[in-house]
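Summary of the model geometry
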Amino acid sequence: MQFRNLRSIREDKDIKQKDIAQYLNVSQNTYSQYETGVISLTAEVLIKLSDYYNVSIDFLLDRTNNPEIKK
C-alpha cells in the first residue's frame with residue numbers, strides 16, 4: 001500500500017528522501033520502501049514522522065485528509 005500523504009507532505013516541503021531517511025536513521029532505499037508500502041511502517045517510525053511533520057498518524061496512513069492532530 002502506497003502512502004500518498006506521506007510522499008506528498010515530503011514533496012510539498014521540498015524535502016528529499018535522503019534527508020528524512022537520515023532523520024530516521026535508515027537508508028534512503030528503506031525510506032523509499034516505506035513510502036511505497038514495500039516495508040511496513042513501525043509505530044516508532046510513525047511517531048517520529050508525525051512529530052517531524054506535526055501531523056496526525058492517521059494523515060500519514062491516508063486514513064484522513066485532515067493533517068491536524070486531535071488533542
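Residues numbered from 1 in each chain as written. Predicted model: local features only at pLDDT ≥ 70, side-chain atom pairs only at ≥ 80, totals over all residues. Heavy atoms only, no water.

The next thing to look at is the packing of aromatic side chains. Going through the model one piece at a time under the given rule, you end up with three aromatic pairs. Considering the side-chain rings of Y52 and Y53, the 5.1 Å spacing of their centres and the 85° angle between planes classify their relative orientation as edge-to-face. Linked through ring pairs, Y23, Y52 and Y53 together constitute an aromatic cluster. (Phe/Tyr/Trp six-rings, centres within 6.5 Å; stacked < 30°, edge-to-face > 60°.)

With respect to the secondary-structure elements, L49 resides in helix 4 (residues 43–53). Residues L49 and L24, 25 residues apart in the sequence, show an inter-C-alpha distance of 8.2 Å. With residues up to four places along the chain from it excluded, the contact list for L49 reads L6, I20, L24, Y31, L41, N54 and L60. (Helix = DSSP H or I, 4+ residues; strand = E, 2+ residues; numbered from the N terminus. Contact = heavy atoms within 4.5 Å.)

A word on the confidence of the model for the chain. Across the chain, pLDDT averages 92, with 97% of residues at or above 70. Within the chain, no element has a lower average pLDDT than helix 5 (residues 57–60), which sits at 92, and none a higher one than helix 2 (residues 17–24), at 98. (pLDDT = per-residue confidence, 0-100.)

Of all hydrophobic cores here, the largest spans 17 residues; its most connected members are L6, Y31, L41, L49 and Y53. Those elements that provide at least two residues to this core are helix 1 (4–12), helix 2, helix 3 (28–36), helix 4 and helix 5. Leaving out residues up to four positions away in the same chain, Y53 has contacts with L6, I9, R10, K13, I15, I20, Y31 and L60. (Core = buried A, V, L, I, M, F, W, Y, C linked by side-chain atoms within 4.5 Å. Buried < 20%, exposed > 50% of the residue type's maximum accessible area, 1.4 Å probe, protein only.)

Within helix 4, the full set of buried residues consists of V45, L46, L49, S50 and Y53. Summarising the axial view, the buried residues of helix 4 lie within an arc of 130°, below the 170-degree limit, and thus occupy one face. Summarising the geometry of helix 4, the exposed residues directed more than 90 degrees from the buried face are A43, E44 and D51. Within two residues after helix 4, N54 carries a phi angle of roughly 55°, on the positive side. (Arc of directions from axis to C-beta.)

Moving on to unusual backbone geometry. Its identity as a non-glycine residue notwithstanding, N25 has a phi of 65°, on the positive side. Along the chain, the position of N25 falls in the loop between helix 2 and helix 3. Among the residues examined, N25 registers a relative accessible area of 71% and is labelled exposed. A positive phi angle, close to 65°, is found at D62, a residue other than glycine. Tracing the backbone through its elements, the reader meets D62 in the segment after helix 5. The class for D62 is partly exposed, based on a relative accessible area of 26%.

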